[in-house]
Amino acid sequence: MDFIRIYADRTHHGKEEEILFRDLNKRPLSAEDRRVMNELIEDHVFGRKITKALVDANSRYRNGDEIALAEIAEKLQTLVEFYPKHIDKEDKVFFPAARAYLTDTEDQAMLAEYWEFDRKMIHEKYEALVEGLKRSK
Ligand SMILES: [Fe+2]
Ligand SMILES: [Fe+2]
């Protein structure tokens, strides 16, 4: 769950939504490219929804609800089927198309912003952990 939430969602989707999509949103995207970008954003929302359901089912299971195990398996299966399709859509369709809207300089500036985003992530993760521990006292 930590990997899905912190890496896949916050770190990876975070860079897409807060940097790439943010910048592309200001560009004159073709109708098709905009449609795919919106679909990718919806995919992220779907991924979060399934992940949340998985976390909920997991805590029910840990609290003794045996039935939750089937739901855990089902949500994991959903993620296993969902992510490769999402990644394919990005890597094979959207990212190559999106690159055409950026100059090399803009592309490099975006890359630098990704590095900075990643650099902050470990601090964000552990600051949130400490804040959570403070709240649970
Ligand atoms: Fe994505
Ligand atoms: Fe991605």
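Residues numbered from 1 in each chain as written. Chains lettered and ligands numbered in written order. Predicted model: local features only at pLDDT ≥ 70, side-chain atom pairs only at ≥ 80, totals over all residues. Heavy atoms only, no water.

## Notes on the coordination of the iron ion (ligand 1)
- At 2.0 to 2.2 Å from the iron ion (ligand 1) lie its protein donor atoms, namely Glu16 (OE), His44 (NE2), His86 (NE2) and Glu90 (OE).
- Considering all four donor atoms around the iron ion (ligand 1), angles at the metal cover 87 to 175° and the coordination shape is irregular.
- Motif for the iron ion (ligand 1), donor spacing along one chain: E-x27-H-x41-H-x3-E.
- Taken as a pair, the iron ion (ligand 1) and the iron ion (ligand 2) lie 3.2 Å from each other and share glutamate 16 as a ligand. Here glutamate 90 and histidine 86 lie together in helix H3 (residues 68-99), a separation of four residues that amounts to about one turn.
- Taking the relative accessible area as the measure of exposure, glutamate 90 reaches 2% and is therefore buried. (Donors = N, O, S within 2.8 Å, 3.2 Å for Na, K, Ca; no water. Tetrahedral: all angles 85-135°; square planar, octahedral: opposite > 155°, others 65-115°. Helix = DSSP H or I, 4+ residues; strand = E, 2+ residues; numbered from the N terminus. Buried < 20%, exposed > 50% of the residue type's maximum accessible area, 1.4 Å probe, protein only.)

## Considering the pattern of salt bridges
- Following the criterion strictly, the structure yields 23 salt bridges and no others.
- Of the charged contacts, one joins glutamate 39 and lysine 89 as a salt bridge, the two residues approaching to 2.9 Å between their closest N and O atoms. Placement of the pair is glutamate 39 in helix H2 (residues 31-62) and lysine 89 in helix H3, with a sequence separation of 50 residues.
- Among the charged side chains, a network of salt bridges with common partners joins Glu32, Arg35, Glu39, Asp43 and Lys89. (Salt bridge = Lys/Arg side-chain N within 4 Å of Asp/Glu carboxyl O.)

In short, the description is geometric, and any link to function would need to be established separately.
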